[in-house]
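# Geometric and topological summary
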Amino acid sequence: MLTVTLICIGKLKEKYLRDACAEYQKRLGGFCKLNIVELGEYKLSDNPSESEIKRCIEKEGASILAKLPKDSFVVPLCIEGKQYSSPAFAREMEKISLSGQSGITFVIGGSYGLSDEVKTIGKIKLSMSEMTFPHQLARVMLLEQVYRCFQINSNGKYHK
């Protein structure tokens, strides 16, 4: 069974987001082993300077790199990433799972994004949309799309 890991900066604060993630975690249990790793957000001043923001991105990047599972296909979520339709994303996930990788790791950074080092490790980069979403909502959206991929690839009825 494929292992899907989601590494995210920050904890889900809103109950409705936690509930949505829990629902998709439950649904994904039949398709994969899911690990969600929440890492602490780097604290910034109310009006951070560019150097503070850069330091934040680097610190969060170092904590992400320390938690990456070995031999996992890394997919950072970032603005520069490719946007996929759900069927195309399902085909990409299937290709990855058949390539001999032990797992897929998705990375959601903090509100200022991901370090270049984390992005460079990614074999593909994923963008959910040209729109901007809170990274906490991005987690729910990603879990839903991963579930949808498994449904598409198993000819389930979820995707219409």
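Quick note: structure is the one above.
Here the residue numbers are simple positions, counted from 1 along each chain's written sequence. Restriction of local features to residues with pLDDT of at least 70 applies here, the model being predicted, together with a cutoff of 80 or more for giving and counting side-chain atom pairs; totals for whole chains, interfaces and linings are based on all residues. Here the side-chain values reflect all heavy atoms present in the structure, with hydrogen atoms and water set aside.

### Comments concerning the packing of aromatic side chains
Stacked, edge-to-face and tilted are the three classes for Phe, Tyr and Trp ring pairs, Trp counted by its six-membered ring, which pair at centre distances within 6.5 Å; planes under 30 degrees apart are stacked, over 60 edge-to-face, the rest tilted. Using the criterion set out here, one finds five aromatic pairs in the structure. The interplanar angle of 70 degrees and the centroid separation of 6.0 Å between the aromatic rings of Phe31 and Tyr147 together place this pair among those described as edge-to-face. Residue Phe31 is found in the loop between α1 (15–28) and β2 (33–39), and its partner Tyr147 is found in helix α5 (residues 135–153); the two are separated by 116 residues along the sequence. Residue Tyr147 is classed as buried on the basis of its relative accessible area of 9%. Ring geometry for Tyr84 versus Phe89: centroids 5.9 Å apart, planes at 35 degrees, classification tilted. An identical accessibility class is assigned to Tyr84 and Phe89; each is buried. Only DSSP runs of H or I covering at least 4 residues are called helices, and only runs of E covering at least 2 are called strands; the numbering of each starts at the N terminus. Note on exposure labels: buried denotes an accessible area under 20% of the residue type's maximum, exposed denotes more than 50%, and partly exposed covers the range between, all computed with a 1.4 Å probe on protein chains only.

### Some words on the environment of Asn47
Structurally, Asn47 is set in the loop between β2 and α2 (50–67). With 26 residues separating them along the chain, Asn47 and Cys21 place their C-alpha atoms 31 Å apart.

### Some words on the pairing of strand β4 (residues 103–108)
With six of six residues buried, β4 lies mostly within the body of the structure. Side chains of β4 alternate between two faces, with Gly103, Thr105 and Val107 and Ile104, Phe106 and Ile108 buried alike. Pairing between two strands is assigned when DSSP locates at least 2 bridges connecting them. As defined by bridge partners, strand β1 (residues 3–9) adjoins β4 across six bridges and the pair is classed as parallel. Residue pairing across strands places Thr5 opposite Thr105, the latter belonging to β4.

### Observations regarding α5
Compared with the 27 Å implied by 1.5 Å per residue over 19 residues, the 27 Å span of α5 between its first and last C-alpha is a close match. For α5, the buried fraction is high: 16 of the 19 residues fall into the buried class. Note on α5: the residue one or two positions beyond its end, Asn155, has a positive phi of about 55 degrees. Expected span, for any helix, means 1.5 Å times one less than how many residues it has.

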